[in-house]
Amino acid sequence: MKKLFSILAVTFLSTALFAQTAWKADPMHSKLTFTVTHLGISDIAGLFKTFDVTAVANRPDFSDAVFELSVDVASINTEVQMRDDHLRSADFFDVEKYPKMTFKSTSIKKSAQNKYRITGDLTLYGVTKPVTMELWYRGTIENPQSKALTSGFQLTGVLKRSDFNIGPKFPAPMISDEVQIRADGEFIKQ
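What counts and what doesn't
Residues numbered from 1 in each chain as written. Predicted model: local features only at pLDDT ≥ 70, side-chain atom pairs only at ≥ 80, totals over all residues. Heavy atoms only, no water. Helix = DSSP H or I, 4+ residues; strand = E, 2+ residues; numbered from the N terminus. Pairing = 2+ DSSP bridges. Patch = residues over 30% accessible without salt bridge, like charges linked within 9 Å, V, L, I, M, F, W, Y side chains within 5 Å. Areas by Shrake-Rupley, 256 points an atom, 1.4 Å probe, with all protein chains shown as cover. Salt bridge = Lys/Arg side-chain N within 4 Å of Asp/Glu carboxyl O. Buried < 20%, exposed > 50% of the residue type's maximum accessible area, 1.4 Å probe, protein only. 1 Å grid on protein atoms, 1.4 Å probe; cavity = no way out; pocket = protein on both sides within 12 Å on 5 of 7 lines; lining within 4 Å. Points joined across faces, edges and corners; volume = space filled by probe spheres on them. Nonpolar A, V, L, I, M, F, W, Y, C, P; charged D, E, K, R; others polar. Contact = heavy atoms within 4.5 Å. Phe/Tyr/Trp six-rings, centres within 6.5 Å; stacked < 30°, edge-to-face > 60°. Lys NZ or Arg CZ within 6 Å of the ring centre and 35° of its normal.

Before going further, it helps to examine unusual backbone geometry. We note that K147 has phi near 70 degrees; this positive angle belongs to a residue other than glycine. Positive phi is not limited to glycine here, since N165 has a value of about 60 degrees. Within the secondary structure, N165 sits in the loop between β10 (149-160) and β11 (178-189).

If you want it as structure tokens, here you go:
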């Protein structure tokens, strides 16, 4: 009986200590942005206004986290309506045919203190490819207003639009093939 109790106690403690924790991005304190170079002389920035990001982790430093992202591509906003409408068209994102962009991480490797290289599958315009980005874990605190446990992250990297067949009629001298990505987010423990 003692042995059974010991086994149950160890099992319970192991489950409690190593249980997966789910986190969800707070849309009021999160942003997904991009920048391209126009005509080789200026940067044009934009963002996606509607997206959902979750993370599941066993470890408090997120070194084993799995991140999932879903973006409403039609929510693209560059602050110029005519350009945004063009980006939604078949010339670029074709949002009627491909309304969502998704990402699911497949690995995360520590590169420095609180910094990681995160790799995952990005699906955009019907094309799925592995991409690797830099992830900075900025810490976890108790939000003084909501009392919710909140973690901060910044993701940066570069994608090639040609890898996803975005805007093939517009060569790199007109719009850079490389797209700078930056996402900042506060994640609330669920």
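We are not done yet, so read on.
Here strand β8 (residues 115-124) pairs with strand β9 (residues 127-142) via 10 bridges, running antiparallel. Within β9, the residue paired with R117 across the bridge is E134. What sits between the antiparallel neighbours β8 and β9 is a turn of two residues, in which Y125 has the positive phi angle 60 degrees. Sheet analysis places β9 next to β10, joined by eight bridges and oriented antiparallel. Of the residues in β10, the one forming a bridge with L135 is L155. Between the antiparallel neighbours β9 and β10 lie six residues, among them K147 with a positive phi of about 70 degrees.

On the surface, L39, I41 and M174 cluster together into a nonpolar patch covering about 320 Å² of accessible area. Residue position: M174 is located in the loop between β10 and β11. The exposure class of M174 is partly exposed, given its relative accessible area of 34%.

The volume enclosed by the largest pocket comes to roughly 1,000 Å³. What lines the largest pocket is a set of 49 residues, among which T33, F34, F48, V179 and I181 lie closest to the centre. Taken together, the residues that form the lining of the largest pocket break down as 36 nonpolar, seven polar and six charged. Its boundaries defined by the atoms lining it, the second largest pocket holds a volume of some 210 Å³. Around the second largest pocket, the lining comprises 13 residues; the ones closest to its centre are T150, S151, G152, G185 and E186. At the level of elements, β9, β10 and β11 are the ones that each hand at least two residues to the lining of the second largest pocket. Tallied by class, the residues present in the lining of the second largest pocket amount to two nonpolar, eight polar and three charged.

Moving on, we come to the environment of D84. Relative to the elements of secondary structure, D84 occurs in helix α2 (residues 81-88). Between the C-alpha atom of D84 and that of G46, which follows or precedes it by 38 residues, the distance is 9.3 Å. Setting aside residues up to four positions removed in sequence, D84 forms contacts with I76, N77, T78 and E79.

This part takes up the environment of A65. Along the polypeptide, A65 turns up in the loop between β4 (51-57) and β5 (66-72). C-alpha separation for the pair A65 and N165, spaced 100 residues apart in sequence, amounts to 30 Å. Contacts of A65, omitting those with residues within four sequence positions, involve V56, A57, S105 and I108.

For the rest of this paragraph, the subject is the packing of aromatic side chains. Taken as a whole and assessed by the stated rule, the structure comprises 11 aromatic pairs. Relative to F48, the ring of F34 has its centre 5.6 Å away and its plane inclined at 45 degrees; by these criteria the two rings are tilted. Taken together, the residues F34 in strand β2 (residues 31-38) and F48 in strand β3 (residues 42-48) connect sequence positions 14 residues apart. Note on accessibility: F34 and F48 belong to one class, buried. Measuring from centroid to centroid gives 6.1 Å for F48 and F93, while their planes differ by 85 degrees, and the two rings are edge-to-face. With F48 in strand β3 and F93 in the loop between α2 and β7 (100-112), the pair connects residues that are 45 residues apart, well separated along the chain. Here F48 falls in the buried class, since its relative accessible area comes to 8%. Each residue in the set W23, F62, F67, Y137, F153 and F187 is aromatic and connected to the rest through ring pairs, giving one cluster. The cationic tip of K115 hangs over the ring face of W136; the distance from NZ or CZ to the ring centre is 5.2 Å.

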